[in-house]
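Results of the structural survey
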Amino acid sequence: MSQIRESLKARLACRDFVIGIAPKFSSADLVAALAPRFDYIFLDCENAGPDVERIPDLVRAAHAGGAAALLRPWSKELGGLRRYLGCGIDGFIMPDVESAEEVASARSLMAEIHPADADTMLYFALIETVRGVEQARDIMLADGCDATQIGTSDLAVSIGLPRRGDHEKVRDIAFRLLELARALGKSAGCPVNKYGVQPVIDAGGNCVMLFMPDVLKPEARRWRTAL
């Protein structure tokens with residue numbers, strides 16, 4: 001499904017507004033129902049989520065609805081990433097990214113596993129540690145990094161706060177990173193369930209991800225059609 005990947009990659013390169021969804025359950029029927037309404041499906045294999053055997057079905061459901069399937073692995077270990085790349089995913093939302101070298105390592109693996117269309121594979125870097133924040137500019141500018149997301153809950157813990165992504169200090173860091181991404185012409189986002197869609201966009205975010213409870217909010221319909 002390189003056409004889906006190519007389209008999303010091009011839109012991210014132009015900082016178009018894109019929106020994804022993280023299904024609450026590892027159900028192909030649920031993914032199939034959500035996919036036509038979103039640009040990408042977030043398959044979270046870090047915090048519980050589907051086993052690797054379920055991934056191909058979820059990917060097919062996403063593709064059938066015209067959405068890319070992006071996966072967050074439970075580990076950055078290359079052997080595990082290799083297994084996921086064999087499941088037909090469109091790329092990674094990589095946790096705890098702390099350097100441009102990590103981006104290069106994952107990109108090299110993509111090229112090894114899918115040499116014909118590795119350039120269309122997607123890579124989102126999750127910045128969620130103090131070191132990741134310190135290296136944010138290099139990560140955003142790394143060759144092959146299509147977008148960054150700020151993992152605010154883990155970032156809160158990393159700076160010595162309770163696991164509260166809506167803490168004022170964390171919000172300030174997240175919005176500063178969004179402003180940096182905008183200045184660099186790079187796509188980025190952070191949790192809109194904590195800050196709201198419009199404040200994130202105003203700060204420089206263009207890559208939005210919702211979680212299932214967000215879809216039930218009255219403003220969710222406006223998010224998808226008006227922005």
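Below is a summary of the structure that appears in this document. Predicted, not measured: the structure shown is a model, and the values here were computed from it.

**Some words on the pattern of salt bridges**
As enumerated under the stated definition, the model contains 13 salt bridges in all. Measuring nitrogen to oxygen at the nearest pair gives 3.1 Å for the salt bridge that ties Arg5 to Asp90. Separated by 85 residues along the polypeptide, Arg5 in helix 1 (residues 2–13) and Asp90 in the loop between helix 4 (78–85) and strand 4 (91–94) bring together distant segments of the chain. A relative accessible area of 0% means that Asp90 is categorised as buried. Linking Arg164 and Asp166 is a salt bridge whose minimum nitrogen-to-oxygen distance equals 2.8 Å. The partly exposed category is assigned to Arg164, whose relative accessible area is 48%. Several salt bridges share partner residues, and in doing so they unite Arg5, Asp90 and Asp117 into one network.

**Considering the packing of aromatic side chains**
In the structure shown here, the tally under the stated rule is 2 aromatic pairs. Geometrically, the ring pair formed by Tyr40 and Phe124 is edge-to-face, given 5.5 Å between the ring centres and 70° between the ring planes. In this pair, Tyr40 is assigned in strand 2 (residues 40–44) and Phe124 in strand 5 (residues 122–127), connecting sequence segments 84 residues apart. Side by side, Tyr40 and Phe124 carry an identical accessibility label, which is buried. For the pair Phe175 and Tyr195, a centre-to-centre distance of 5.4 Å together with 80° between the ring planes defines the contact as edge-to-face. Placement of Phe175 in helix 9 (residues 168–184) and of Tyr195 in helix 10 (residues 192–195) is noted, with a sequence separation of 20 residues between them. On the accessibility criterion, Phe175 (9% relative accessible area) is buried.

Rules and cut-offs
- Residues numbered from 1 in each chain as written.
- Predicted model: local features only at pLDDT ≥ 70, side-chain atom pairs only at ≥ 80, totals over all residues.
- Heavy atoms only, no water.
- Salt bridge = Lys/Arg side-chain N within 4 Å of Asp/Glu carboxyl O.
- Helix = DSSP H or I, 4+ residues; strand = E, 2+ residues; numbered from the N terminus.
- Buried < 20%, exposed > 50% of the residue type's maximum accessible area, 1.4 Å probe, protein only.
- Phe/Tyr/Trp six-rings, centres within 6.5 Å; stacked < 30°, edge-to-face > 60°.

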